[in-house]
Amino acid sequence: MTFLEELRAYPPWNEQEERDKASILAFAARNPDCLLRENLAGHFTASVWVVNPQRTKTLMVYHSLYQSWSWIGGHADGEADLAAVALRELAEETGVAAGRLVSPRPCSLEQLFVAGHEKRGQYVPCHLHFNLTWLVEAEETVPLRPCPGENTGVRWLTPAQVRGMVSEPWMLARVYEKLMGRYLIGV
């Protein structure tokens, strides 16, 4: 299934996802280069929401750019298999190569605003990330390692820790609370 077929088949969970899905599909229809970050208006990204088998914790990284605890993910960079992108980012950003996709289908979607910033000495203008997220299960015993240049920490967090440590209010309220409510026990 192509990323556009996955997106079309995705059943929105809430109003945010319903509206974002329509906007993302419209953007993809107008932009054949939507998988490339060279499209400066926006491009596709893929993320993972990683949970332990007991569904009591999620794996997050301390993202250097956002200066916040964050989920794991990255740019498609031309790759149409967004689930593969998400798993590659999991391995690159955390060292976890043994994560298991709970489903081959995405578990969440988001249209995210990215403020202008410097990356590797070059200015990156404001743009949108059209993001699909996959649910991944991994053991807490797997060795973790940060990815220099991307993050400075990798850690399993309880829902209470996520709420106390994430410094991006919109991401916490709209994205992480949604994912914790759907996929973690005792939220």
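Refer to the structure above for everything that follows.
Structural notes, computed from the coordinates. Note that this is a predicted model, so its numbers are computed, not measured.

## Structural notes on the pairing of strand β9 (residues 127-137)
Look at any regular strand and the pattern is simple: side chains alternate between the two faces of the sheet. Most of β9 sits inside the fold, with ten of its eleven residues counted as buried. Relative to β9, strand β1 (residues 42-51) runs parallel, the two sharing ten bridges. Following the sheet pairing, Val51 is matched in β9 by Glu137. Sheet topology places strand β5 (residues 100-101) next to β9; two bridges connect them, and they run antiparallel. By the bridge assignment for β9, Leu101 is matched with Val136. Of the strand pairs in this sheet, strand β6 (residues 108-114) and β9 are connected by seven bridges, and their pairing is antiparallel. Bridged to Ser108 within β9 is Thr133.

## Comments concerning the environment of Tyr123
For Tyr123, the position within the fold is in strand β8 (residues 122-124). Using a relative accessible area of 54% as the deciding quantity, one classes Tyr123 as exposed.

## Looking at the pairing of strand β10 (residues 151-157)
In terms of burial, β10 is a largely internal element, five of the seven residues being buried. The pairing of strand β2 (residues 58-63) with β10 spans six bridges and is classified as antiparallel. Note that in β10 the partner of Tyr62 across the bridge is Gly153.

## A few points about the layout of surface pockets
In this model, the largest pocket occupies a volume close to 1000 Å³. Leu65, Tyr66, His75, Lys119 and His129 are the residues nearest the centre of the largest pocket, which is lined by 43 residues in total. Elements with a minimum of two residues in the lining of the largest pocket: β1, β4 (72-75), α3 (82-94), β6, β7 (117-119), β8, β9 and α5 (169-183). The greatest single-element share of the lining of the largest pocket, amounting to four residues, is contributed by α3.

## Points about the packing of aromatic side chains
Here the structure, examined in full by the defined rule, presents six aromatic pairs. The structure contains a cluster of three or more aromatic residues connected by ring pairs, namely Phe3, Phe27, Phe44 and Phe130. Its end group placed over the ring of Trp13, Arg182 keeps NZ or CZ at 3.8 Å from the ring centre.

## A closer look at the nonpolar core
Formed by 31 residues in total, the largest nonpolar core has its most connected members in Phe44, Val50, Leu59, Leu82 and Leu90. Of all the elements in the fold, those that place two or more residues in this core are α1 (3-9), α2 (15-30), β1, β2, α3, β9 and β10. Among the elements that take part in this core, α3 stands out by supplying five residues, more than any other. Excluding anything up to four places from it in sequence, Leu59 contacts Val50, Ile72, Leu90, Thr94, Val96, Leu144, Val154, Arg155 and Trp156. Membership of the second largest hydrophobic core comes to 19 residues, among which are Trp49, Val51, Tyr176 and Tyr183.

## A word on the pattern of salt bridges
Per the stated rule, a full pass over the model turns up eleven salt bridges. The partner of Glu137 in a salt bridge is Arg55, and the shortest N-O contact between them spans 3.8 Å. Residue Glu137 is found in strand β9, and its partner Arg55 is found in the loop between β1 and β2; the two are separated by 82 residues along the sequence. Relative accessible area serves as the criterion here: at 18%, Glu137 is assigned to the buried category. Where Glu89 meets Arg88, a salt bridge forms, and the shortest distance between an N and an O atom there is 3.5 Å. Taken together, the shared-partner salt bridges in this structure form one network comprising Glu17, Glu110 and Lys178.

## A few points about the environment of Lys57
With respect to the secondary-structure elements, Lys57 resides in the loop between β1 and β2. Residues Lys57 and Leu112 lie 55 residues apart in sequence; the distance between their C-alpha atoms is 24 Å. In this view, Lys57 contacts Val50, Val51, Asn52, Glu140, Trp156, Leu157, Thr158 and Leu184; residues no more than four positions away in its chain are not counted. Polar side-chain contacts of Lys57 include one of 3.2 Å to the side chain of Glu140.

About the cut-offs
Residues numbered from 1 in each chain as written. Predicted model: local features only at pLDDT ≥ 70, side-chain atom pairs only at ≥ 80, totals over all residues. Heavy atoms only, no water. Buried < 20%, exposed > 50% of the residue type's maximum accessible area, 1.4 Å probe, protein only. Helix = DSSP H or I, 4+ residues; strand = E, 2+ residues; numbered from the N terminus. Pairing = 2+ DSSP bridges. 1 Å grid on protein atoms, 1.4 Å probe; cavity = no way out; pocket = protein on both sides within 12 Å on 5 of 7 lines; lining within 4 Å. Points joined across faces, edges and corners; volume = space filled by probe spheres on them. Phe/Tyr/Trp six-rings, centres within 6.5 Å; stacked < 30°, edge-to-face > 60°. Lys NZ or Arg CZ within 6 Å of the ring centre and 35° of its normal. Core = buried A, V, L, I, M, F, W, Y, C linked by side-chain atoms within 4.5 Å. Contact = heavy atoms within 4.5 Å. Salt bridge = Lys/Arg side-chain N within 4 Å of Asp/Glu carboxyl O. Polar contact = N/O pair within 3.5 Å; in protein donor to acceptor, adjacent residues only side chain to side chain.

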